[in-house]
Amino acid sequence: MIRASDSQFDGGLLRQAFGCFPSGVTAFCGMVDGAPEGMAASSFTSVSMDPALVSVCVANTSSTWPRLAGASRLGLSVLAGEHGAVARSLASKNGRRFDTVDWVATDSGAVFVHGATLWLECSIYEVVEAGDHAIVLLKIEALDMYPDVPPMVFHRSSFHELASSA
Ligand SMILES: Cc1cc2nc3c(=O)[nH]c(=O)nc-3n(C[C@H](O)[C@H](O)[C@H](O)COP(=O)(O)O)c2cc1C
């Protein structure tokens, strides 16, 4: 057990605490100046039914987000269990994130990853400042769902595949 009551939490401790909550991982991507741009994002959450909204939180330090923010359409791909290498590549700092990723762009400029369990084509609805991140609210314009594809699970900094409890 680890306990901390000082509200000035150490960043590493807070990251460890947040990592106790399992999440999926999305690829948040669009075409910018004729090339795919994007990042891995585990902060994806469904938000509203009417209008149909989801959100992703992006770090204020991100150099990718300001470039994505100018795109008229953005793709969110909910990654599959087998997409560990894709998630790592889309989080890399070397600038060649898409070289080994099997991606496709729509005519409107959203970029998706093949083999994902869900594709959401989105427009930016609102951006809300939130500490050292921004909450990007996204309106779903179209979706393609592959419900039989098992999703990736991100827990305590590791990628997992979903296992049934039976
Ligand atoms: C599994 C995983 C989840 C991530 N989730 C987020 C996220 O929700 N928000 C975010 O801003 N960055 C997230 N990142 C970091 C970005 O993918 C990427 O590394 C970062 O944007 C790189 O900085 P840059 O935008 O300046 O290139 C995540 C990275 C990994 C590996």
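Residues numbered from 1 in each chain as written. Predicted model: local features only at pLDDT ≥ 70, side-chain atom pairs only at ≥ 80, totals over all residues.

A. Highlighting the overall build of the chain. On a plain count of helices and strands, the chain comes out with three helices and 11 strands. Starting at the N terminus and ending at the C terminus, the chain contains elements arranged as α-β-β-β-β-α-β-α-β-β-β-β-β-β. By the compact-globule yardstick of 15 Å for 166 residues, the chain fits well, its C-alpha radius of gyration being 16 Å. Once the C-alpha set of the chain is aligned to its principal axes, its extents read approximately 50 × 40 × 40 Å. Once local pairs closer than 6 in sequence are excluded, the contacts in the chain between residues at least 24 apart make up 66%. (Helix = DSSP H or I, 4+ residues; strand = E, 2+ residues; numbered from the N terminus. Rg over C-alpha atoms; globule rule 2.2 N^0.38 Å. Contact = placed C-beta atoms within 7 Å.)

B. The sheet that holds strand β9 (residues 133-145), seen in detail. Ordered in space as β2-β1-β5-β8-β9-β4-β3, the seven strands form an open sheet in which the pairing is antiparallel. Strands at the two margins of the open sheet, each flanked by one partner only, are β2 (35-41) and β3 (45-48). Strand after strand, the sheet turns through a mean of 40° between neighbouring axes, direction not considered. Of the pairings in the sheet, the one linking strand β1 (residues 26-32) to β2 comprises seven bridges and is antiparallel in character. Opposite valine 32, over in β2, you have alanine 35 as the bridge partner. (Pairing = 2+ DSSP bridges. Axes fitted to C-alpha atoms, helices over the stretch in contact; angles between N-to-C directions.)

C. Quick peek at the UniProt feature "domain: Flavin reductase like" (unreviewed entry) in the chain. As recorded in UniProt, the feature "domain: Flavin reductase like" (unreviewed entry) lies at residues 18-161. Taken end to end, residues 18-161 is 9% helix and 49% strand, and its first and last C-alpha atoms sit 19 Å apart. (UniProt positions renumbered as here; feature names shortened; annotations may be inferred.)

D. Structural detail: the nonpolar core. With 36 residues, the main nonpolar core has Ala27, Phe28, Leu74, Leu79 and Ala116 as its most contacted residues. Ignoring anything within four residues of it in the chain, the contact list for leucine 74 reads Phe28, Cys29, Gly30, Leu68, Ala110, Cys122 and Leu138. (Core = buried A, V, L, I, M, F, W, Y, C linked by C-beta atoms within 7 Å. Buried ≥ 20, exposed ≤ 12 C-beta atoms within 10 Å, placed from the backbone.)

E. Layout of the pairing of strand β11 (residues 158-161). The pairing of strand β10 (residues 152-155) with β11 spans four bridges and is classified as antiparallel. Looking at the pairing, phenylalanine 154 lines up with phenylalanine 159 of β11. Between β10 and the antiparallel strand that follows it, β11, lie two residues; arginine 156 among them carries a positive phi value of about 50°.

F. Highlighting the site of the ligand. Around the ligand, 16 residues are found, and the nearest of them are Ser43, Ser62, Ser63, Thr64 and Ala91. For the shell around the ligand, the secondary structure elements donating two or more residues are β2, β4 (53-59) and α3 (84-90). Looking at side-chain class alone, the shell around the ligand contains 11 nonpolar, five polar and no charged residues. (Near = placed C-beta within 6 Å. Nonpolar A, V, L, I, M, F, W, Y, C, P; charged D, E, K, R; others polar.)

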